[in-house]
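Breakdown of the fold
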Amino acid sequence: MKLFEYKAKELMKRHGIPVPRGVVVSAPEQITGLSAPAMVKAQVLTGGRGKAGGIRPADTVEAARAVSSEVLGMEIRGYSVKEVLLEDRLNVAKEIYLGATVDRSRKSILFMASPDGGVDIESVPEDRILMVSVDPLIGYQAYVGRRIASFVGLEGEQAAQCAAICGRLYELTKEEDAELAEINPLVVTKDGQVIAGDGKVTIDSDSLFRHDDLAQLKEDLTPLEEKARALDIAFVQLDGNIGVIANGAGLTMATLDSINTFGGKAGVFLDLGGTDDPEKVKQAMLLMTEAEPKVILVNIFGGITKCDTVAAGLLEAMEERGIGSPIVARIKGVNEEHAREMLRNAGMKPASGLSEAAQLASQESLG
Amino acid sequence: MKLFEYKAKELMKRHGIPVPRGVVVSAPEQITGLSAPAMVKAQVLTGGRGKAGGIRPADTVEAARAVSSEVLGMEIRGYSVKEVLLEDRLNVAKEIYLGATVDRSRKSILFMASPDGGVDIESVPEDRILMVSVDPLIGYQAYVGRRIASFVGLEGEQAAQCAAICGRLYELTKEEDAELAEINPLVVTKDGQVIAGDGKVTIDSDSLFRHDDLAQLKEDLTPLEEKARALDIAFVQLDGNIGVIANGAGLTMATLDSINTFGGKAGVFLDLGGTDDPEKVKQAMLLMTEAEPKVILVNIFGGITKCDTVAAGLLEAMEERGIGSPIVARIKGVNEEHAREMLRNAGMKPASGLSEAAQLASQESLG
Amino acid sequence: MSVIVDKDTKVVVQGITGYQGTYHSKAMMDFGTSVVAGVTPGKGGQEVHGVPVFDTVSEAVAQTGANTSCVFVPAPFTMSAVLEAVDADVATVVTVTEHVPVHDAIRFVAVAKAHGVTLIGPNCPGLGAPGTAKVGILPNKIFKQGDVGVVSRSGTLTYEIVNAMSEAGIGQSTCVGIGGDRIPGTGFIEVLKRFQEDPDTKRIVLVGEIGGTAEEEASEFIKGEVTKPVVAYIAGRTAPPGKRMGHAGAIIARGRGTADSKIGALEASGARVARLPTDVPGLLAE
Amino acid sequence: MSVIVDKDTKVVVQGITGYQGTYHSKAMMDFGTSVVAGVTPGKGGQEVHGVPVFDTVSEAVAQTGANTSCVFVPAPFTMSAVLEAVDADVATVVTVTEHVPVHDAIRFVAVAKAHGVTLIGPNCPGLGAPGTAKVGILPNKIFKQGDVGVVSRSGTLTYEIVNAMSEAGIGQSTCVGIGGDRIPGTGFIEVLKRFQEDPDTKRIVLVGEIGGTAEEEASEFIKGEVTKPVVAYIAGRTAPPGKRMGHAGAIIARGRGTADSKIGALEASGARVARLPTDVPGLLAE
């Protein structure tokens, strides 16, 4: 779950990382207690805010109000700006990149740092990026911060500040269950302060059970995505017209690959995950119909998910709402005979294999 | 460093372990806010308080004052009672033993638990004691407390309370750097509360640099022991008349073994440890003279400790105070030639080997 | 023969009294697995399908000789359950539970490794060796005994492919679902190593998906160390880049991690890559 | 030959700019040890006795190929220093520092073990192999090259005994002072195992002291696994029971841990036990 910059900075402040004084508003008239010069920053969960005009300076409080009213309501890469963060403007002497993330290969928290901050880190050449993996058995130790501070070219008091920030960023990452905690730029000001110019934090959504404060945050989702989130299913809208429901990301993707081979194109990717609740299956089907696919392809291989559970949910959904789209159902695995019988009794013709199902659905979608 | 019971219980309370309400006084007239019935408990750093009459019940506040004035000033195994702890008397239904200690063999924190609490744990048969080692990489986990609660025969709510206490005792052990944290008995009261009846905590004195509160506590030491502590040297008074100064516990003990072979007997065991400060050596020598040994045997094998440092300290001490006892000095190792020359110039006859030195000192002590 | 499980495998099911634990214990026993114990704190003394339930894993191990744990406890308690199994000195832990916090996984994966415990999962279907034992939730009916070792990051997709193999008459030595989480206890390479060493595994199927670089790293290993023929399938060839597809394993990042990158690396390693899951049996038969 | 150190040993000294670090770096070099780097945070770029100083161990290892660390940093920082060395993948860490908090030792000893790093200490004099290398603070002059492996819990008592051996013409293959702390990184048994395997070690001297049960456990190992002749000395035979003698290793507790218990166990294992340290050379010569 991505956090807005202001929320990310709130977490950073809580963990002792210096951030500029700031205030978040959703309307210019809410601006109080601001001192100029300030920066006005659109709060949207996408990159490229600066280029899109979502980050602008304001030399006076009056100007900050005027700029805020321009930025609020802007569209940036499809996201509308509902809030702006107004911050003290920093006197930048140097910009550093500092990030901590979960690294799959090393199975640990990985620090990334570069003396070339303030730009997209992917554009920085490799030899200008230091990667330091924190061994999980060892945990963060002061030498990690020392290595980073030295690599980004800081000395003395600034190196000490930077090293301390590394320790706090690690603590934030662990304690808040962040998948990513990034400060870009980490600013060294002209008067020698090291301070987070920007803040990006992504929380592991699997950890929200232990973060009541974060679990209450709203994400920037489309209405359908929001419903899917509430049902704990993966739901992605795509360009085609076949609604694919499967269980498991791999199988769902393989189903997409299969219809593609037969000329079909998916319009919805819906991964049920592992479930054994007919109600969830029913709700997923209803969600699917809201996306109005031309044909629905159900591909279930049961393990935790029992086939008859899926069939029951499917039939309940069809009963509750006359589903307009034709359904191709291919159900395999635990209790498959019972499930097939249920579908046959309801007048549907279950497909027997993935290829056959993909072919049928594709033909239907093209016809 | 052993803590008094009341201090140990203070730590336990701070870490969430239930302890009886109590008050510590050094004079009966200080007793206020006490509710009867109470227990009056002598605060001394030795076992066997109960048998010695240092733990007594009092049914009224008046009786508590009277009992306190009897207990205060008692001698228990050579320790005089300077303070008493007055506590609410518990309605005991069951007494459990629970301890956490540093285990050398397993290189970890070890829990020990027994359903037979309230008695000396060394007298409990082995099959009535559960030992659970906490793997340092795993740390304390809830199943450790569950195992212990089950072994000591608790169920339901009492098992949960006991398991929670295990977790807190582990936390105390780690966070306060305890070598031993023991609750004997851990009492289950008739109304179902699990509460620490006694508390024994020994703090790792090597950790005091990070425990300002504990570092300020006074230990129950003889005046000479107190001086030795201040100098960071190991000083033990024994029965004989040879004062042994050596560096390193092993070498000091080996020196004791050696004089024993030649019929001598040590009166002081003084382990200088590793030092390179002539002032410390001088102070150690002055401390030694206060114990008035008949002869002083200095046995140094220099590594971190340089021989000439020892010689310099030795000579300074002799210069400052005319030392009455004859000195046998055997100094080996780093800079030994220089050290021997210094001693020879001062008119002493350095011994060349450990056996020779031990023999000389023993003869001197017997003559 | 088989890898990770063998005829001496004795399973303790952590969370056996829960719905999934009970259901799949039965399924494992039906497969022929020796399920000797269950653990649910506070339910010690009960029985599930005739299997004794204990309060702690150490008791279960002491009293039944269990050497392999299968973990079904809910995600918030999974770390503690895995650490308990590791602490109780089992040789293998299969963690079925999904939605385990990633920082919990980092911790218990590191501890399991330090203790020399083979950890499969979290968020995995487990493993099955036809004729020997199954630990996890793979459907019993998909298997057929044979000489192909299957290793996969996916759950249901593995069933699909294994089922297709069995229907085509191609049996398996062991099928290992390593799980789709970002921090798997055991990765492709560890399983490939075991297949390479296992005399009864003659051919290998690797099922991967977009996201991460595990398949690229496995390709390096195949190139250098694996002499047995490898057939692979990578799911997500037609998934739109940048979309999050069900779990974090499917976030496409930078150059590596795409289907093209993985397929390219596998082909360069000498593996044959199927276009569709249903093509796998055909490539194996060639 | 020798154990733990060899001709490829390259030492980085952590805390090299401190008084002890500087002094003993010189002494190690005088012994013939290859001291290739020093580390002191904030002093990178300096030199000590011509040895380059780095800010971190990982830099020192990357630039000099150091494979063995000798730690002289003050006790409050020792844990971090040892973990840094382990993290930088050195093979061996010798921790001289005394007064290390015991809970710090528990932690870093466990981590070093998990990483397969040989940790000697804390609170140890280190080890010396005459003609090869010395890592630690043992006085150079006590050694003589030979075929006796010495392992000891004591510092200065080791010097005493090694010196007596050398003066009697009996040389050493390697002398390892494992340190007197309650939680030593390497114990008697690990060193005995290496001596048993080392072709150039023909005889073994074990120096123990009262407190703990390390000598009793070592006796079991000697009985079962050591075929080379062992001579032992246990300090504290005449120490009064129950008195704390200098450090926690010398607290006498219960039955085991006494001099009698240790001497009895060693004699039962076939080792010859000297009454006095000065008797060791005589027993070796027999």
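We now examine the overall build of chain C. Counting its regular elements, chain C contains nine helices and 14 strands. Relative to the 2.2 N^0.38 estimate, which gives 19 Å for 286 residues, the radius of gyration of chain C is 18 Å and therefore close to what a compact globule would have. Along the longest, intermediate and shortest principal axes, the C-alpha atoms of chain C span 55 × 40 × 30 Å. The proportion of buried residues among the 286 residues of chain C is 64%.

Before going further, it helps to examine the overall build of chain A. Helix and strand counts for chain A come out as eleven helices and 17 strands. Dimensions of chain A, computed from C-alpha atoms along their principal axes, come out at roughly 75 × 50 × 35 Å. Taking all 367 residues of chain A together, the buried fraction comes to 58%. Here the analysis covers contacts within chain A between residues at least 6 apart in sequence; of these, 68% occur between residues at least 24 apart. Counting every atom, chain A has about 14,700 Å² of accessible surface; 47% of that belongs to carbon and sulfur. Looking at charge distribution, chain A has the averaged site of its 40 positive side-chain charges lying 3 Å from that of its 54 negative ones.

The next thing to look at is the sheet that holds strand β3 (residues 55-58) of chain B. All names here are of chain B. Spatial strand order, β1-β6-β2-β3: four strands in an open sheet with antiparallel pairing. Each edge of the open sheet is held by one strand with a lone partner, namely β1 (22-25) and β3. Taken pair by pair, the neighbouring strands of this sheet meet at an average axis angle of 20°, ignoring direction. Taken strand by strand, helix α2 (residues 61-71) contacts β2 (38-42), β3 and β6 (84-88), and its axis lies near 160° from that of β3.

With that out of the way, let us pick up the domain arrangement of chain C. All names here are of chain C. Segmentation of chain C into domains returns domain 1 (10-120) and domain 2 (139-285). Distance from the C-alpha centre of domain 1 to the C-alpha centre of domain 2: 26 Å. In total, domain 1 and domain 2 occlude about 910 Å² of area from one another, counting both sides; carbon and sulfur atoms represent 61% of this. Where domain 1 meets domain 2, there are three residue pairs in polar contact (both at pLDDT 80 or more). Going through the elements one at a time, α1 (19-31), α4 (102-114) and β7 (118-120) are the ones with two or more residues in the side of domain 1 that touches domain 2. Sorting elements by how many residues they give to the side of domain 1 that touches domain 2 places α4 first, with four residues. In terms of residue class, the side of domain 1 that touches domain 2 is built from nine nonpolar, one polar and one charged.

Residue and element names in this part refer to chain C. Strands sit in the order β9-β8-β11-β10-β12-β13-β14 across an open sheet of seven strands; the sheet is mixed. What marks the edges here is a single partner per strand, and that holds for β9 (133-136) and β14 (272-274). Neighbour-to-neighbour, the strand axes of the sheet open up by a mean angle of 20°, direction not taken into account. Against the sheet, helix α7 (residues 214-225) engages β12 (203-209) and β13 (230-235), with an angle of about 160° to β12.

Another aspect to go through is the environment of Met79(C). All names here are of chain C. Secondary-structure assignment places Met79 in helix α3 (residues 75-87). Looking at Met79, the relative accessible area reads 16%, which means it is buried. The spacing of Met79 and Thr17 is 62 residues in sequence and 18 Å in space, taken between C-alpha atoms. When residues no more than four places from it in sequence are discounted, the contact partners of Met79 are Asp104, Arg107 and Phe108.

Time to look at the interface of chain A and chain C. A common way to report how large an interface is uses the accessible area buried once the components associate. Contacts between the two partners involve 53 residues from chain A and, on the opposite side, 62 residues from chain C. Taking both partners together, chain A and chain C bury about 4,500 Å²; carbon and sulfur atoms supply 57% of that area. Counting every contact that joins chain A to chain C gives six salt bridges. Looking at the side of chain A that touches chain C residue by residue, the classes come out as 20 nonpolar, 16 polar and 17 charged.

Residue and element names in this part refer to chain A. For helix α8 (residues 278-290), with 13 residues, the first-to-last C-alpha span of 19 Å sits near the 18 Å given by 1.5 Å per residue. Those residues of α8 that sit buried are Lys280, Val281, Lys282, Ala284, Met285, Leu286, Leu287, Met288 and Thr289. In this structure Asp277 caps α8, since a side-chain oxygen of it lies 3.0 Å from the backbone nitrogen of Glu279. Phi for Glu292, located one or two positions after α8, is positive at around 50°.

With that settled, the discussion passes to the pairing of strand β15 (residues 266-271) of chain B. Residue and element names in this part refer to chain B. Within β15, six of the six residues are buried, which leaves the element mostly enclosed by the surrounding structure. Sheet topology places strand β13 (residues 234-237) next to β15; four bridges connect them, and they run antiparallel. Counterpart to Phe235 in the pairing with β15 is Leu270. As paired elements, strand β14 (residues 242-246) and β15 share five bridges and run parallel to each other. Residue pairing across strands places Ala246 opposite Asp271, the latter belonging to β15. Following the backbone out of β14, through helix α7 (residues 249-261) and into the adjacent parallel β15, one traces a crossover that is right-handed.

Residue and element names in this part refer to chain A. Here Lys227 shows up in helix α6 (residues 223-231). The class for Lys227 is partly exposed, based on a relative accessible area of 42%. Setting aside its immediate chain neighbours within four residues, Lys227 contacts Leu287 and Glu290.

Take the nonpolar core next. Grouped together as the largest cluster of nonpolar side chains are 154 residues, with contacts concentrated most on Phe111(A), Ile148(A), Val201(A), Phe111(B), Ile148(B) and Val201(B). Discounting residues that sit within four places of it in the chain, Val201(B) has contacts with Met1(B), Lys2(B), Leu3(B), Ala8(B), Leu11(B), Met12(B), Leu172(B), Ala178(B), Leu180(B) and Ala181(B).

Our focus in this paragraph is the interface of chain D and chain A. Of the residues lining the interface, 13 residues belong to chain D; the matching set on chain A comes to nine residues. Where chain D abuts chain A, roughly 1,000 Å² becomes buried across the two surfaces, and 54% of that area is made up of carbon and sulfur atoms. Taken together, chain D and chain A are joined by one salt bridge. Between Glu84(D) and Arg146(A) there is a salt bridge, and its shortest N-O distance comes to 3.5 Å. Summed over the shared surface of chain D and chain A, the number is seven residue pairs in polar contact (both at pLDDT 80 or more). Where the side of chain D that touches chain A is concerned, the elements lending two or more residues are α3 (75-87) and α4 (102-114) of chain D. By residue number, the principal contributor to the side of chain D that touches chain A is α3(D), which donates five residues. Looking at the side of chain D that touches chain A residue by residue, the class counts come to five nonpolar, four polar and four charged.

What follows covers the packing of aromatic side chains. Under the criterion given, the structure shown has twelve aromatic pairs over all chains. Taken together through their ring pairs, the aromatic side chains of Phe111(A), Tyr140(A) and Tyr170(A) make up a single cluster. Looking at Lys306(B), its charged tip hangs above the ring of Tyr23(D), at a distance of 4.2 Å from the centre.

Per-residue pLDDT for chain A averages 91, and the proportion of residues at 70 or more is 99%. Within chain A, the element-level pLDDT minimum falls on α6(A), averaging 81, and the maximum on strand β11 (residues 194-196) of chain A, averaging 98.

Moving on to the packing of α8(A) against helix α9 (residues 307-320) of chain A. All names here are of chain A. Interhelical geometry of α8 versus α9 gives an angle of 50° and a closest axis separation of 7 Å. Viewed along their axes, α8 and α9 adopt a mutual orientation that is oblique. Here the hand of the crossing between α8 and α9 comes out right-handed. Contact residues: α8 offers Pro278, Glu279, Val281, Lys282, Met285 and Leu286, while α9 offers Thr309, Val310, Ala312, Gly313, Leu314, Glu316, Ala317 and Glu320. Its residues placed into classes, the contact of α8 with α9 shows eight nonpolar, two polar and four charged.

This paragraph deals with the side chain of Thr40(C). All names here are of chain C. For Thr40, the location among the structural elements is in the loop between β2 (34-39) and β3 (47-48). The buried category is assigned to Thr40, whose relative accessible area is 12%. If we ignore the near neighbours within four places in the chain, the residues touching Thr40 are Gly15, Ile16, Thr17, Val53, Phe54 and Asp55.

So, how was this worked out
- Residues numbered from 1 in each chain as written.
- Chains lettered and ligands numbered in written order.
- Predicted model: local features only at pLDDT ≥ 70, side-chain atom pairs only at ≥ 80, totals over all residues.
- Heavy atoms only, no water.
- Helix = DSSP H or I, 4+ residues; strand = E, 2+ residues; numbered from the N terminus.
- Rg over C-alpha atoms; globule rule 2.2 N^0.38 Å.
- Buried < 20%, exposed > 50% of the residue type's maximum accessible area, 1.4 Å probe, protein only.
- Contact = heavy atoms within 4.5 Å.
- Areas by Shrake-Rupley, 256 points an atom, 1.4 Å probe, with all protein chains shown as cover.
- Lys, Arg positive; Asp, Glu negative; His and termini not counted.
- Charge placed at Lys NZ, Arg CZ, Asp CG, Glu CD.
- Pairing = 2+ DSSP bridges.
- Axes fitted to C-alpha atoms, helices over the stretch in contact; angles between N-to-C directions.
- Domains from an automatic or database assignment.
- Buried area = accessible area lost by both parts, 1.4 Å probe.
- Polar contact = N/O pair within 3.5 Å; in protein donor to acceptor, adjacent residues only side chain to side chain.
- Nonpolar A, V, L, I, M, F, W, Y, C, P; charged D, E, K, R; others polar.
- Salt bridge = Lys/Arg side-chain N within 4 Å of Asp/Glu carboxyl O.
- Expected span 1.5 Å × (residues − 1).
- Right-handed = clockwise from strand over helix to strand, strands pointing away.
- Core = buried A, V, L, I, M, F, W, Y, C linked by side-chain atoms within 4.5 Å.
- Phe/Tyr/Trp six-rings, centres within 6.5 Å; stacked < 30°, edge-to-face > 60°.
- Lys NZ or Arg CZ within 6 Å of the ring centre and 35° of its normal.
- pLDDT = per-residue confidence, 0-100.
- Parallel < 35°, antiparallel > 145°, perpendicular 65-115°, else oblique.
- Left-handed = near helix turned anticlockwise from the far one by under 90°.

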